[in-house]
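# Inside the fold
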Amino acid sequence: MATVTATAPDTRTFAGTAWSWITTVDHKRIAVLYLVTSLAFFMLGGLEALLMRLQLATPEADVVSAERFTELFTMHGTTMVFLALMPLSAAFFNLLVPLMIGARDVAFPRLNALSYWIYLFGGIFMNISFVAGGAPNAGWFGYAPLTDTAFEATHAIDFWAFGLQILGVSSILASINFIVTIINMRAPGMTLNRMPMFVWMSMITAFLIIFAFPAITIGLVLLIFDRYIETSFFIPEGGGDPVLWQHLFWVFGHPEVYILILPAMGIVSEILPTYSRKPLFGYAVVAYSGAAIALVGFGVWTHHMFTVGLGPIADTAFAISTMAIAVPTGVKIFNWIATLYGGSISFKSPMLFAVGMVAMFIIGGLSGVMLGSPPIDSQVQDTYFVVAHLHYVLFGGTVFGLFAGIYHWFPKFTGRFMHDGWGKVHWLLMLIGFNLTFLPQHMLGIDGMPRRVHTYAADMGFDLWNMMSTVGSLMIGLSFLIFIINALRSIRHGEPSGGDPWDGGTLEWTIPSPPPVYNFAEIPVVDGRYPAWDIKRGGGHTGAVATAPEAGAEADEPDIHMPNPSYWPIVMAAGMVLAACGLIFHQAFILLGAMLFVISLVGWIEEPAG
Amino acid sequence: MTAEAHGHHEEHHSSTGLDNRKLGMWAFLGSETMFFGSLILVMLINKHNTLGGPGQEVLDLVLTSFTTFVLLTSSLAMVLSLAAFRNGSLLWGRIWLGMVMLMGLIFLGGQVYEFTEFVTHKHLTPSTNLFGASFYTLVGFHGAHVAIGVLWLGTVLAYTWRGRFQPGMDMWGIELVGLYWHFVDLVWVAIFTLIYLI
Amino acid sequence: MTLANGDANRPVQGQRSTPLTYRRRIHTALLIPALAVAALAVAACGVTPQTTLEPTTEAARTARDLLMFVFWAMVVTFVLVEGALLYVLVRYRRRSGDGIPPQTHGNTPLEIGWTIAPAILVVIIVVLTVPAIFSNARAASPDALKVRAIGHQWWFEFQYPDIGVVTANELHLPVGRDVEIQLESNDVLHSFWVPSLRGKLDMVPGRENKFTIKPEVTGTFPGQCAEFCGTAHALMKFYVVVETQAEFTAWAETQRAERVPPTSDLARLGEETLTLGGCVACHTIRGTDSAGVLGPDLTHIGSRQHIAAGILENTPENMRAWLSDPQGVKPGNTMVIPELTTEQLDALVAYMQGLK
């Protein structure tokens, strides 16, 4: 154990600063690492998308080759899901969960660092494939038997399979960490019934991850065995069944959709009340509908497989369960609108993004109901209609929600505002660009354009819609550029925000920005859902929250024990990824990776406790 | 994880009264349940998928019944070991812990023998047919879990000579490996029933 | 656009007004935020041969009708919910001097109400969906024509086991008769999709899917593989030619026969080039030494409207382009052709064109 002063980063030298980031176990700094890394991958995935849109802008274009195009859409999907949106949500879990529940850190700080480093190395590992003989090219759901060695003899698929396994480890470890943190480290008085909605959604997401990921882990294990030791789990010639892969993938894949959307829903459930100055309407119903979505989400996976030919009875059963999910989803939206009803709504940029999320997610939900009906699905499945639908959910919903979160909590991360005017420009450009990109894709699907095609003929009537879509995607790209510039500028030159710039209601707004290493000088005692409002407004509750007093905090640094920094997480993560490299490049790496892993494990256990 | 002091520090904030590490272990085992659940399902799907080659008939019920009995007994030894440590009997705690390891090793030995027998005499390899592939995958992954458990038990045992888990101390380290060990046993009961018996 | 819907062979012109009306409406309504652009667009892309909105069978019509119903139900929902959202945002925008608004926490009757409302809508959709699912899965009548459709990377093989016809990338069907199509795959997943005939169904290696349709309108309808199947997935197309029973019988008669022997010297050289060019290893041309089974049956390649799996019209120029650079036309494609002299190429083209 060390005191706060011992863990304070030595920022006098570059090496000192770098070392302090490499060895950090502070959830707030890990949040920053997650944020920066996931935005970088978001940009990479976006560039892949732009290349595809350029290729598809005109019929029979030749911007990229057919082979390259298959890599682009595979890596775009994989990157956005596993390397951009999930980790971006993880950035918010890291920053907010301990602050919102009144804790000093997560339950297992070193494990938290380990999760991050595994994610970083796993993401790099997967993208190395672009320069190491070909990137994954079988689509982000890698349907067997296209992934078998008979059809892809290079290591492209191996990069994908091992990469996903590595990222799965990271996600499961992080989720265990947050489950324990949320269940066990809440401040006194912070009952489940008083937890901020974002924390609720984080907890549900973490449970979804630990229960959903094992299915794809097994799927990938079997795929790797098919590729490496000549089993035939998914190969019909050996008695296997390609459809088994689809089941294993979508048992994971459908909950994954909720893993991606629930954190954004949680963010919106915090932002709407803040900017309308009203508590979340129907708190319990919103929380339970989140849980209901998660639960039913495990029973709908074959709606991704309506065209596989599972028979009318299976199709009927899964159509019903799929439709059922529309109910709790609708309930959430109604409660959000009711939250705004009667409020005093301020339209700062975070609020615009949050409202945009609600408005766009509605469209994604409605087209989802259409897809839930198997006869309709049989026509538009695997067309651009599905592409449009999934982007209304994951871009219109998740991306808008996460950006709302970035603008809202940027002052908490940095102590400075992002520029609100440029934020609004970003929002407007992204909103228009997004709709211009994806609305026409509904029409493309209905008019018969399959997804994952690298080209289309000029006489199919697809030209105009595709051109519109490409123009829209360029607008999205531009809006992201504006965001990046705004963010970079605001870190140094943004207007100072103080600890509570938005009149927030949850615990993180009771402490300074950026928060001190120990978060709370004194662990708060909570007796309501919006403790910060209770203090400021003095009504309703007694307001027994202890805050870190901003005045005089510097002079009297409290002596609070925080965990030591540690370099073992990064070493262990490196060992794991090196071992995976060994399965592709040279066996020596396996040995090296295993050695690093064992050494770091011993080091981890033996690390002095202070 | 780190030392007891750390544990006390965290227990101070524990909302449920449970130790963080134990709660984390429960969450991990929940995930593991889905992991083995998926593997067992794959095995059940392919149970009769033999392409005319060797199938369920190669399984040696007598040997496996014995090793199953040994593994189940090891769970009892695990309980006794924890009880002994808690009662302040370092010696009996160590002895029972050693017994758990020994029984785990016997189980693993049985499995190694079984696998060798299948490959050399029954001509069943992972690439023979999907019965073989699923069997080796499922039983192999379980075996790996047992092996990790034995290593972990060994580590915990070694630490009893390095000042940990002394009388009066928090026994979280032993409880943790115990939870894991009971889980691995439980999974084996499912595998044995579904694959060997039925 | 001469391929499909404008086909002069289609007699039932009167029936087309309904689908077209529907389509105009969906075009307009989907683009509420961009109405001006949409109006332009409807004018600009009037011809969409592969659209799902112009069904010519019961199965496709069922899907279209359901699509339109749910679509309009969703439009109404969209307008109501987004309208409520916009209204609330405008009505309750913050004004100077606003204090803390009344703090409402929830309302149980409201919650029950807006749980039941979407539930009712969803139940209605399910009630309409279930019969459609089962009617789409109906069994064929005993006199149904049986077709095996086999997916290959990247072309479609069609076999008519009862009448002994094997062809590729152009499926001929008689009008007004049940057809049972059995879907198989030779390698990876593919999906059989002709939007105007029926929604898609996957071709899964190791499994046999089948569906029944009864074509009601003659004409040529485009279809395309709809499950990603590798590099040239976008170039795996085919056409369905629905014709009268008499036309179909005549077509089948031609297809059953051996190849038409070459009549000119050039074409005869073409037939000799089959061996030289290695064509015989993969293609079957009945009546010659060519008996390979890896590629499409070419016995009557000259009679098909398209080549290279529906991506090129069957003209001598296209045939020549295809034979001189198969990988350029269709990336990833495994057809191997040695360097041929101009004369050999001319001969092959002439020969192929003659295989009516």
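Bear in mind that the values here come from a model prediction, so they are computed numbers and not experimental data. (Residues numbered from 1 in each chain as written. Chains lettered and ligands numbered in written order. Predicted model: local features only at pLDDT ≥ 70, side-chain atom pairs only at ≥ 80, totals over all residues.)

This brings us to the overall build of chain A. Check the secondary structure of chain A and you find 18 helices and zero strands. In terms of overall dimensions, chain A is globule-like: its C-alpha atoms have a radius of gyration of 24 Å, near the 25 Å expected for 610 residues. With the C-alpha coordinates aligned to their principal axes, the bounding extent of chain A is approximately 70 × 60 × 45 Å. Of all 610 residues assigned to chain A, the portion counted as buried reaches 66%. Considering only intrachain contacts with a sequence separation of at least 6, the fraction spanning at least 24 residues in chain A is 80%. (Helix = DSSP H or I, 4+ residues; strand = E, 2+ residues; numbered from the N terminus. Rg over C-alpha atoms; globule rule 2.2 N^0.38 Å. Buried ≥ 20, exposed ≤ 12 C-beta atoms within 10 Å, placed from the backbone. Contact = placed C-beta atoms within 7 Å.)

Further remarks concern the interface of chain A and chain B. Listed by partner, the interface residues are 33 residues for chain A and 31 residues for chain B. When contributions to the side of chain A that touches chain B are tallied by element, the ones reaching two or more residues are α6 (156-184), α7 (197-228) and α8 (242-276) of chain A. With eight residues, the top contributor of residues to the side of chain A that touches chain B is α7 of chain A. Classifying every residue of the side of chain A that touches chain B gives 22 nonpolar, eight polar and three charged. (Nonpolar A, V, L, I, M, F, W, Y, C, P; charged D, E, K, R; others polar.)

In low-pLDDT segments, the atomic positions of the prediction should not be examined closely. Residues and elements named next belong to chain B. The predicted model of chain B averages 90 in pLDDT, with 93% of residues at 70 or higher. Counted against residues more than four places away or in other chains, residues 1-11, with its pLDDT under 50, gives 16 contacts. The ipTM assigned to the predicted complex is 0.92, against a pTM of 0.92. (pLDDT = per-residue confidence, 0-100.)

Bringing the confidence of the model for chain A into the picture now. Residues and elements named next belong to chain A. Counting all residues, the mean pLDDT for chain A is 92, and 95% of those residues have values of 70 or more. Confidence drops under a pLDDT of 50 for residues 540-544, and excluding neighbours within four residues, the segment shows 11 contacts in the predicted structure. Contacts from residues 546-555, a stretch scored under 50 in pLDDT, to residues over four places away or in other chains number 14 contacts.

Attention shifts here to the pairing of strand β7 (residues 198-203) of chain C. Residues and elements named next belong to chain C. Of all six residues that make up β7, six are buried, and the element is covered over most of its length. As judged from the four bridges shared by strand β6 (residues 190-194) and β7, these two strands associate in the antiparallel manner. Bridged to Ser191 within β7 is Asp202. In textbook terms, the turn of a hairpin is the stretch between consecutive antiparallel strands, and for β6 and β7 this stretch comprises three residues. (Pairing = 2+ DSSP bridges.)

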